[in-house]
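Read off the chains here:
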Amino acid sequence: MKEPTIILGSKIITPLKVIENGMVIVNNDGMIEYIGEEKKAADLVSYNNIYKGEYIVPGFIDIHCHGGNGYDTMDSTYEALKGISKFKAKNGCTGFLTTTTTSSVIETAKALNNVKGYKEQSPEEGAEILGVHLEGPFINAKQKGAQREDLIMPLSTEIMKKFITELYYWGITIKDVNKKYLRHMNFTGILLQEWVLN
């Protein structure tokens, strides 16, 4: 059985305030049970796992992550997602949206299917993949940045439904879609509000 852990910090940054000389107690289940001012040494006798740091901050959430540590989402392998996840966690990120690049529909579907398989295995180590940020192939060519323009295509209800219902159903975000496609396809009610988180 895991023992509770105490983390002491000269500053603990919370959403509401900065706690000077504070402490965090993490219980046996890995849940935070206390954040506040440091307790007296006598109250800490029963704890063996005591760590000290200068700053304690909540984990960061990265909403646009193509890869890391030599791996890319579009590698479409379990090893790549595990490598990215471990790299993100090592650098203070606890959750992220793994992000595609503008590729063919087949390559994008392969990447999404890989994320689905990875999440179904529920790996415990590394940062958590919270969803997928779909950067193409439906991106607006005027805002393509480094994306390949020859692979950009109009927004397709059929392809997007396949991406969402068959391949990846935890949450997909899209942005920079050319709005003229939305008008022609009644996409607003079908996907952007019902399935796509943006």
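It should be noted that the structure appears before, not after, this text.
Keep in mind it's a predicted model, so treat the numbers as computed, not measured.

What counts, and where the lines are drawn
- Residues numbered from 1 in each chain as written.
- Predicted model: local features only at pLDDT ≥ 70, side-chain atom pairs only at ≥ 80, totals over all residues.
- Heavy atoms only, no water.
- Helix = DSSP H or I, 4+ residues; strand = E, 2+ residues; numbered from the N terminus.
- Buried < 20%, exposed > 50% of the residue type's maximum accessible area, 1.4 Å probe, protein only.
- Contact = heavy atoms within 4.5 Å.
- Areas by Shrake-Rupley, 256 points an atom, 1.4 Å probe, with all protein chains shown as cover.
- Salt bridge = Lys/Arg side-chain N within 4 Å of Asp/Glu carboxyl O.
- Disulfide = S-S within 2.5 Å.
- Phe/Tyr/Trp six-rings, centres within 6.5 Å; stacked < 30°, edge-to-face > 60°.
- Expected span 1.5 Å × (residues − 1).
- Pairing = 2+ DSSP bridges.

Undergrad: Looking at this structure, how should I read the overall build of the protein chain?
TA: Looking only at helices and strands, one finds five helices and ten strands in the protein chain. Residues counted as buried form 39% of the 198 residues belonging to the protein chain. In the protein chain, 65% of the contacts between residues at least 6 apart in sequence involve partners at least 24 apart. For the protein chain, the computed accessible surface area is about 11,800 Å², with 52% contributed by carbon and sulfur atoms.

Undergrad: Where do I start with the pattern of salt bridges in this structure?
TA: Side chains that differ in charge, positive against negative, can pair when their charged atoms come close. One pass over the structure, following the stated rule, counts five salt bridges. With a shortest N-O distance of 3.8 Å, lysine 86 and glutamate 125 are connected by a salt bridge. With a gap of 39 residues between them, lysine 86 in helix H1 (residues 78-90) and glutamate 125 in the loop between helix H2 (105-120) and strand S9 (128-134) connect regions that are remote in the sequence.

Undergrad: Even after reading the chapter, I still don't get the state of the cysteines, so can you show me in this structure?
TA: Covalent bonding between the sulfur atoms of two cysteines is what defines a disulfide. Overall, the coordinates contain zero disulfides when judged by the stated rule. Sulfur of cysteine 65: no disulfide; nearest cysteine sulfur belongs to cysteine 93 and is 7.1 Å away. On the accessibility criterion, cysteine 65 (3% relative accessible area) is buried. Residue class for cysteine 93 comes out buried when judged on its relative accessible area of 7%.

Undergrad: Any chance you could explain the environment of isoleucine 12 here in plain terms?
TA: One can find isoleucine 12 in strand S1 (residues 5-13). On the basis of relative accessibility, which here comes to 2%, the residue isoleucine 12 falls in the buried class. Sequence separation between isoleucine 12 and tyrosine 55 is 43 residues; the distance between their C-alpha atoms is 5.8 Å. Excluding anything up to four places from it in sequence, isoleucine 12 contacts Lys17, Val18, Ile19, Gly22, Met23, Val24, Ile35, Gly36 and Ile56.

Undergrad: When you look at unusual backbone geometry in this model, what are you seeing that I'm missing?
TA: With glycine set apart, most residues show a phi of negative sign, and most peptide bonds adopt trans. Phi at asparagine 69 is positive, roughly 60°, even though this residue is not glycine. On the secondary structure map, asparagine 69 appears in the loop between strand S6 (67-68) and strand S7 (71-72). In this structure, serine 122 is a non-glycine residue whose phi angle is positive, near 45°. If you trace the backbone, serine 122 turns up in the loop between H2 and S9.

Undergrad: Is there a simple way to think about the packing of aromatic side chains in this case?
TA: Pairs of aromatic rings are described using the distance from one ring centre to the other and the angle between the two planes. Scanning the model with the defined rule gives two aromatic pairs in all. Note on tyrosine 78 and tyrosine 118: the rings are 4.9 Å apart at their centroids and 50° apart in plane angle, and the pair reads as tilted. Of this pair, tyrosine 78 sits in helix H1 while tyrosine 118 sits in helix H2; the two residues are 40 residues apart in sequence, bridging distant segments of the chain. Tyrosine 118 gets classed as buried once you look at its relative accessible area, which sits at 4%. Judged by centre distance (6.3 Å) and plane angle (45°), the ring pair of phenylalanine 138 and phenylalanine 163 falls under tilted. Placement of phenylalanine 138 in the loop between S9 and helix H3 (157-167) and of phenylalanine 163 in helix H3 is noted, with a sequence separation of 25 residues between them. The class for phenylalanine 138 is buried, based on a relative accessible area of 3%.

Undergrad: I'm lost on H2 in this one. Help?
TA: The α-helix winds at 3.6 residues per turn, so residues separated by three or four positions along the chain end up facing the same way. Taking 1.5 Å of rise per residue, 16 residues should cover 22 Å, and H2 covers 22 Å from first to last C-alpha, within 8% of that figure. Within the sequence span of H2, burial applies to Thr108, Ala109, Ala111, Leu112, Asn114, Val115, Lys116, Tyr118 and Lys119. Of the residues flanking the end of H2, it is serine 122, one or two places downstream, whose phi is positive at about 45°.

Undergrad: It is not clear to me how the pairing of strand S2 (residues 18-26) should be interpreted in this structure. Could you clarify?
TA: Consecutive residues of a regular strand have side chains that alternate between opposite faces of the sheet. Taken together, the eight bridges between S1 and S2 define a ladder with antiparallel strand orientation. Looking at S2, one finds that isoleucine 13 is bridged to valine 18. Hairpin connection, S1 to S2: the antiparallel pair is bridged by four residues. Pairing of S2 with strand S3 (residues 32-37) involves five bridges; the strand directions are antiparallel. Residue pairing for S3: glycine 22 is matched across the bridge by glutamate 37. Turn length for the S2-S3 hairpin, with the two strands adjacent in sequence and antiparallel, is five residues, and the turn residue glycine 30 shows positive phi of about 80°.

Function cannot be read off these values alone, since they describe shape.
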